[in-house]
Amino acid sequence: MSTASQSLTLIRELGGDIYAPLITCTMGDLFQRYDADGVYPDWEADPTKCPVLTYHLASSLMPNGGETVPDNILLYYDGVLVPFNAGQTLNAATGNIPAGMFRISGGGTTPYQVKILKNFCSKGTAAQAGHNIKMYGIVGLNRYPANIPVDIQPRTESGEEVHIIGEGNNPFVVDQNKGTSTTLIAQVYSGAVPLSAPGNRTFKWEKLTATGWVVVSAAAVNNTRLVVKASDVEAYAVYRVTVVHGSDTYMDTQSVMDSGDPFYVGISVTDGTATAEPTFPVSAPASAKRVFTASLLARRSGATIPAYTTTWQLQRTDGTILNNSALPAYGIIGKSDKSNSISVPLKFMDDNGVKSLQVTAFVEFTL
């Protein structure tokens, strides 16, 4: 019996071809904090801290089921297309997007990357909203989207948080065909300033499975790094680090993609009738729902693997798996559901105060 997994917040299936898009960031999570005195981290003041986004596209059309580079990409910031003139690497100004905020590179055989050169927020005391970046990989007439949110919050002097970061400009990707690995690094921030040493904090690493979180590296001081090998990842894997400092506990999650895995779990989304985005707009009626359907496909041939069962998990973005006992009242079986489809109503999210929900499919199959 083999198992592969997929999460809706990372990937979904579009069109008839088998493509798996993903954006990785050198910061892990893309975030900034602000107060009356400044922005943290401030990459305008220190360009060495500028984050780099990499657009990945695993494809069934590759000879060994590996990664490909799209013909082109489109970059959207808060739903607005970022204009890049022909032959230019820096964006032109449009609306609230200043000129030179993004630098784009890649194409041909080199993965597309976007370097962020200007801050997402400014110093001050007034509340500032978060943002969203979406990248579309263009292959022929089809577009394959992936997005990454920008978390903007006020800075607190004593507040601590942890973010999983990676090494180099292409983190969080392994390739079983090449035997490559990736290293996850837990970076602790105090008042939005990175700590150079972990002190007396303990770090525990876990991996998400169909039965929940499983410890892969026990809690220990200085346990800030986890090496993820290609053999550890079936298509995608989600890891969580939990930091304990005195009476405080905080955590972060990070996905890792195997660009060379021969199988791919696709998740398609409908509103019950027609194809839909995995979002509920403000204007959505109270009866709205999103139906997720999993499919197992072979990357090398693009063929559908017919014999498989799917276990669904619903979890908050901090990695907390939602209480299964609350789900049946909304018609959701959730964690124990072996169906290849699951329906999530808007009412469930509103009643439980869930603004963002991660829907993960674990597919079991026998070759």
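Now for a look at the structure at hand. (Residues numbered from 1 in each chain as written. Predicted model: local features only at pLDDT ≥ 70, side-chain atom pairs only at ≥ 80, totals over all residues. Heavy atoms only, no water.)

Describing unusual backbone geometry
Omega for the bond connecting Y40 with P41 falls within 30 degrees of zero, at -15°, which places this linkage in the cis form. If you trace the backbone, P41 turns up in the loop between β4 (39-40) and β5 (52-59). With a phi close to 55°, D78 is a non-glycine residue in the positive phi region. Its location among the elements puts D78 in the loop between β7 (72-77) and β8 (80-81). One non-glycine residue, F172, adopts positive backbone phi at about 65°. F172 sits in the buried class, given a relative accessible area of 0%. (Helix = DSSP H or I, 4+ residues; strand = E, 2+ residues; numbered from the N terminus. Buried < 20%, exposed > 50% of the residue type's maximum accessible area, 1.4 Å probe, protein only.)

Focus: the sheet that holds β7
Paired through backbone hydrogen bonds, the strands of a sheet run either parallel or antiparallel to each other. Read across the sheet, six strands follow the order β4-β3-β12-β11-β7-β8 without closing on themselves; strand pairing throughout is mixed. With partners counted over all chains shown, the strands left at the sheet margins are β4 and β8, one partner each. (Pairing = 2+ DSSP bridges.)

Considering the packing of aromatic side chains
Per the counting criterion, the structure on display carries six aromatic pairs. Residues Y76 and Y136 carry aromatic rings whose centres are separated by 5.5 Å and whose planes lie at 75° to one another, so their mutual orientation is edge-to-face. Of this pair, Y76 sits in strand β7 while Y136 is found in strand β11 (residues 131-139), placing the two residues 60 residues apart along the sequence. Look at Y76 and you get buried, because its relative accessible area is 18%. Overall, Y136 belongs to the buried group, its relative accessible area being 13%. (Phe/Tyr/Trp six-rings, centres within 6.5 Å; stacked < 30°, edge-to-face > 60°.)

A look at the nonpolar core
By size, the foremost hydrophobic cluster in this structure holds 37 residues, and its most contacted members are L30, L53, F102, F120 and I133. Those elements that provide at least two residues to this core are β2 (19-25), β3 (30-34), β5, β7, β9 (102-107), β10 (110-116), β11 and β12 (142-154). Residue contributions to this core peak at five residues, all from β12. One finds F292, L322, V344 and M349 within the second-largest nonpolar core, a separate group that totals 24 residues. (Core = buried A, V, L, I, M, F, W, Y, C linked by side-chain atoms within 4.5 Å.)

Observations regarding the pattern of salt bridges
Counting across every chain of the model gives seven salt bridges. For the salt bridge of D151 with R33, the shortest nitrogen-to-oxygen distance reads 3.0 Å. Taken together, the positions of D151 in strand β12 and R33 in strand β3 put the pair 118 residues apart, joining distant regions of the chain. By relative accessible area, D151 is classed as partly exposed at 31%. Judged by its relative accessible area of 5%, R33 is buried. The structure contains a network of salt bridges with shared partners spanning R33, D151 and E161. (Salt bridge = Lys/Arg side-chain N within 4 Å of Asp/Glu carboxyl O.)

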